[in-house]
Structure formats: C-alpha cells, structure tokens
Amino acid sequence: MSARAMESDETNDATLMIPNPVTANDIAEEPPPASPAGEPRPLEDGEVDVSSPAQVDAGAAATAMAALWHLPIPHGLNFEASSGTAVVCESIQTFEGSSNSKTTGPRIFNNVVKAVRFSPDGTCLLTSSEDHILRVFEVPHHLVYDTPTSFSVTAAAAADPDSNRINSTVNASNGNEWQPCLACPEGETVYDQTWYPLMNARADPLTACFISSSRDHPIHLWDAFTGQIRASYRAYDHMDELASAHSLAFSPFGDKIFAGFERMVRVFDTATPGKDFDERPTRPTKRSRCGGQNGIISTICFSPQDAATGMYVAGSFAGSMALYDYRMKGDALLSWPSPHNGQGITTLRLSYDGRLLFSGARKNDCVHCWDLRKGSLLSSFWRDASSNQRLGIDLDPAGRYMATGCRKGGEEGKRGALVYDLSTGQEVGGLGLMEDTVSDVSFHPYAGLVAAGMGERHFDVEHEDNEEDEMVVEKQKARRRSGVRLFQVPLAGAQKGEVGEGEGE
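Residues numbered from 1 in each chain as written. Predicted model: local features only at pLDDT ≥ 70, side-chain atom pairs only at ≥ 80, totals over all residues. Heavy atoms only, no water.

With that settled, the discussion passes to the overall build of the chain. Check the secondary structure of the chain and you find seven helices and 32 strands. Here the chain displays about 23000 Å² of accessible surface, and carbon together with sulfur accounts for 48% of that area. (Helix = DSSP H or I, 4+ residues; strand = E, 2+ residues; numbered from the N terminus. Areas by Shrake-Rupley, 256 points an atom, 1.4 Å probe, with all protein chains shown as cover.)

Read across the open sheet, the four strands follow the order β8-β9-β10-β11; overall the sheet is antiparallel. Of all strands in the sheet, those bounded by a partner on one side alone are β8 (190–195) and β11 (229–233). This sheet shows a mean twist of 20 degrees between the axes of neighbouring strands, independent of strand direction. (Pairing = 2+ DSSP bridges. Axes fitted to C-alpha atoms, helices over the stretch in contact; angles between N-to-C directions.)

Moving on, we get to the nonpolar core. In terms of nonpolar packing, the biggest core is built from 19 residues, with Ile219 and Tyr233 touching the most fellow members. Put simply, the parts of the chain that give this core at least two residues each are β9 (209–214), β10 (219–223), β11, β14 (247–250), β15 (256–261) and β16 (264–269). Tallying contributions element by element places β15 first for this core, with three residues. Once residues lying within four places of it in the same chain are set aside, the contact partners of Tyr233 are Ile18, Pro218, Ile219, Leu221, Ile257, Phe268, Asp269, Thr270, Thr272, Pro273 and Gly274. (Core = buried A, V, L, I, M, F, W, Y, C linked by side-chain atoms within 4.5 Å. Buried < 20%, exposed > 50% of the residue type's maximum accessible area, 1.4 Å probe, protein only. Contact = heavy atoms within 4.5 Å.)

Before going further, it helps to spend a moment on unusual backbone geometry. Not every positive phi belongs to a glycine, and Asp240 is a case in point at roughly 60 degrees. Asp240 sits in the exposed class, given a relative accessible area of 61%.

The residue Gln389 is located in the loop between β25 (377–382) and β26 (393–395) in this model. Each C-alpha atom, one on Gln389 and one on Glu456, is 7.8 Å from the other, the two residues being 67 residues apart in sequence. Not counting residues within four places of it along the chain, the set of residues in contact with Gln389 comprises Val112, Thr437, Ser439, Gly455 and Glu456.

Quick look at the pattern of salt bridges now. Per the stated rule, a full pass over the model turns up 16 salt bridges. The partner of Glu90 in a salt bridge is Arg485, with the nearest N and O atoms 2.6 Å apart. Taken together, the residues span a long stretch of sequence, with Glu90 in strand β1 (residues 86–91) and Arg485 in strand β32 (residues 483–488) at a distance of 395 residues. A salt bridge links Lys256 to Asp269; the shortest N-O distance between them is 3.8 Å. Here Lys256, found in strand β15, pairs with Asp269, found in strand β16; they are 13 residues apart in sequence, far enough to count as distant. Since its relative accessible area comes to 32%, Lys256 is described here as partly exposed. You can call Asp269 partly exposed: its relative accessible area is 28%. By sharing partners, the salt bridges in this structure join Arg117, Arg349, Asp394 and Asp440 into a single network. (Salt bridge = Lys/Arg side-chain N within 4 Å of Asp/Glu carboxyl O.)

Locating Trp382 in the fold gives a position in strand β25. Here the alpha-carbon distance between Trp382 and Glu427, two residues 45 residues apart in the chain, equals 9.3 Å. Once residues lying within four places of it in the same chain are set aside, the contact partners of Trp382 are Asp365, Cys406, Lys408, Leu418 and Tyr420.

Further remarks concern the environment of Ala451. Relative to the helices and strands, Ala451 is located in strand β31 (residues 449–454). Placed 362 residues apart in sequence, Ala451 and Cys89 show a C-alpha to C-alpha distance of 9.8 Å. Beyond its immediate chain neighbours, meaning those up to four positions away, Ala451 contacts Val116, Phe118, Leu125, Asp440, Val441, Ser442, Arg485 and Leu486.

Taken together, the four strands give an open sheet; going across it, the order is β26-β27-β28-β29, and neighbouring strands pair in antiparallel fashion. Strands at the two margins of the open sheet, each flanked by one partner only, are β26 and β29 (426–427). Taken together, the four bridges between strand β27 (residues 401–404) and strand β28 (residues 418–421) define a ladder with antiparallel strand orientation. Considered in β28, the bridge of Tyr401 is made with Asp421.

As a further point, take the confidence of the model for the chain. Per-residue pLDDT for the chain has a mean of 77; in total, 68% of the residues score no lower than 70. The low-confidence segment residues 98–108 (pLDDT under 50) makes 24 contacts with residues lying over four places distant or belonging to another chain. (pLDDT = per-residue confidence, 0-100.)

On to the side chain of Asp371. Among the structural elements, Asp371 can be located in strand β24 (residues 366–371). Owing to a relative accessible area of 7%, Asp371 belongs among the buried residues under this scheme. Contact partners of Asp371, with chain neighbours within four places excluded, come to Arg355, Ser376 and Leu378.

Let us look at the packing of aromatic side chains. Considering all chains together, one arrives at 17 aromatic pairs under this definition. Ring geometry for Phe268 and Phe277: centres 5.5 Å apart, planes at 55 degrees, overall tilted. Owing to a relative accessible area of 1%, Phe268 belongs among the buried residues under this scheme. Take Phe277: its relative accessible area is 26%, and that puts it in the partly exposed class. (Phe/Tyr/Trp six-rings, centres within 6.5 Å; stacked < 30°, edge-to-face > 60°.)

Within the secondary structure, Arg283 sits in the loop between β17 (278–281) and β18 (297–302). No salt bridge is formed by the buried Arg283; its nearest oppositely charged neighbour, Glu262, is found at 9.9 Å. Among the polar contacts made by the side chain of Arg283, one reaches the main-chain carbonyl oxygen of Gly292 at a distance of 3.3 Å. Among residues more than four places away in sequence, those in contact with Arg283 are Arg263, Ser288, Gly291, Gly292, Gln293 and Asn294. (Lys, Arg positive; Asp, Glu negative; His and termini not counted. Polar contact = N/O pair within 3.5 Å; in protein donor to acceptor, adjacent residues only side chain to side chain.)

In structure tokens:
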C-alpha cells in the first residue's frame, strides 16, 4: 500500500469532506414555487414536468437531469452535418512520456488510456491509464460557456500547497496539447473509477469528487480540486483480508457506493467511510445449484437520475447480466445467463429513460440493445472487440446516438470510434479515423463535445535479421498512439447563445 493511501486510511474523520447525500425523497419533498394565486407554477420554455417519471421520454429525461443540477439544457448533436466533427485539443505527450514526472509518472511502454468520463457538471474529464494514474483535465471554457466566467478548477485549488494540481490546461506553445490539471496516483492497477453523480463544482465545491478502486487497495474518494484522498472504504473477505473492488457505481443520488467483487456486491454508505458495508451475494458459492451470477462482478450500471426507479444492472466476467432492485436484498428480478455467448461482460449503459440496456463484452463484436421491460434483444451494433481489452460505450444526453470504442473502424491500419443513430440503427459519420484502438468514449452532458481515449497493448515479435521485417515493425510502432482527443460535434438546430446561457453570472 502506498504511503499516501496508508496516511489517508489513518484519517477517516471526513464528515466535512464528504458530499451531503441527496435522496429521491429530498427532491420530492421540495415543492416548486407556486404562483401568487396558489396555483401550480406554469412551465417555462424548455422546462419539463418530471412529477411523473414514467411519462418522461429520453430527451425529456436528459432535460430533467440538467434542470436538477441547474445546468444548461443539452442540445441534440448532428454527426451528419457537412462541417463534420473537429479535433479541438488532444493530450498525447502526457501519456507517451515527458520529463515532468508529476504529470506523467515514470515513462511506461504501452501506456494505454483505459477510460475517459466527463464530470456530471461538464467542467472536467477524468481519465485512467496503465501507469496507475488518474488524471483530471479541465474542459476549455470557450467550448462550454458562451459568456465569460472566472470559475476555474485549477484556480480554485491554487491556494492548497499540498494539492496534486498542475497549472496548465491547453499548452499554446505546443500546438493544441491538452494537459491535465490534476494527477492522482494509485498504488496499483486501477480497476474502475466514477464521478459523484450530483457534482456541481461551481455551486458546491464539496461535490467535486470521484471514487476509484485499484488492486490491493481500498476504494478511495478523491477531491477533484486538490487531488487529495478525502476518505477510504474498505471491504474484507471471509479470510479477513482486504478485498479490492473490480467495479464501482454511485447510487443515482450519491448516498450509496455499489462495489463489485467475486459473486458479491458490497454497498457502502457514502457518508460513513471505513469498513462498514452491506453484503449482497449474487450467488452463494461457485457450484451452487440455485443459480445467480457467478464470477467477478465486472461492471455496475444505474439509469441516469433513477429513471428506472430503484433498478441497477450488474455484469460479470463469467458472461452473465442481471437486473436488481437496489432498495432491498434478494435475487435478480431479471437475468441473462449468456447474452454475449459466454464472453465476459465489460460495459453496460442504461438509456436516459431507463427502458433500454446496452451491453458489450470482450472478444465479442456486438453491442447489444435490450428491452429492460421484457428482457428481449432489440438490436445489435457491430464493432471490433476481438481482444480482452475493455471498450467503452456511451449515449449522448439527447438519447439519439450511441458511441462505442473499436479496434478497427476504417481503413487498414487505422482505427476509430463508431457512432450509431439509434433512431435508424445506422452508423453515422463518427469521429473520424485514429492511429490506434479507441478504448473509451464519453459525451459531454450539455455541450457538443465528445472525448475519446486511445491505446492498446502491443507486443513486438523478434525477427531474424531481415530489413523488410524491421521496416514493418518500425511502421507498426509509428502508428501506435496513446492519449485523449476532444472532438466538437455540430449541434442540431442550436442557436447562438443557447449553450451555457447564464453560466457566467
């Protein structure tokens, strides 16, 4: 265990450092302002009545989500616009090595970017890579806010001399190289990471945080301003040894942390760090005849803003998926014993209306779309996932597009993320060709931005002294690329000044 982790574990008096959990009851009990006559307040332009979640469709659910956090309403995207997508900045040298050890850590060959995820408030991007470092990138303000704003994650953390912040965003002297503002080192391989779901860094800095899990370490709650560990959550197995979580997810309102282990989901109270947790076995034993999910719980997914009320889906490396009610213990409500021909499930995403489930597996070239109400397969989308690498899936906030990582997305020797229009089931223009495998993609919650992580483990095969073989190897090395790219996608019918309106006040 690293010295930083041990020091943090000794100090779990984090009452003032943990976000105040919000529950569905808290939101329901807060009545909207009424008109002077006492009648219900009329809805404003673009506002959605969420008093009956069952009546809210995908686009309306995304709008309700933005309203809850007081964020701009998300725009629809137009991947088929003639202007096409454009790379606005990228971070390559950060992951491929430089002299700044605080930025990149020791140079590592095959430093694959494993995951990218925008924060719920759209101010930051979180990445995980093979060098065991979690990096936070600040999204350039001109891409998010239409009006000037003095808010900055980097500036907000500048007063803390012990922070892991790095005073840079986009390095103008080096093209459009995008550099992280925070580097948070974990002791071992990072298994999973996720943002606090109600993060709003501008309104409440205490909500600017995320959790991560790594091998032989407890779950850590990180401060997104300073890069320091706020708290730790430890799980122990039947031998009283520390167990590492392989997957993580916050409950929709942030009051609980769900962690996946072997044949087990453990639930921690966000406000109570330490080793207190609730166990929810997915299968009693490996050879149990009563069924259930076997193997390591590799991914856990909730619907945004609890659209599928009380439900979450868990996938395992043994190849099964199951739907559970997180409000109580018990068997699965719905199960899929082998949705991807027995291949390990690596990625799950629920739609914004809570009706559709998207699943992906290793060594399986399909992303499946399932009807969560019946458990039936609705459609499949092709991608190249012919390795054991985890390739991410994400949905745009308007609920129209699904993007997925891919090993080969175009010409021979070129890779690229695939984007599908869910209304037609057809592939659209996407993000263009890239030099290496696209490992993960993430849509910005309200601006027309998409982040893509790149990288794949490559293994060189020694050849006899042959100039042609050496030239082939050198060409292959030249095509390898690990890093992050930020794309700007044309908006569908957005008028000037709509995105981020009022954010500079």
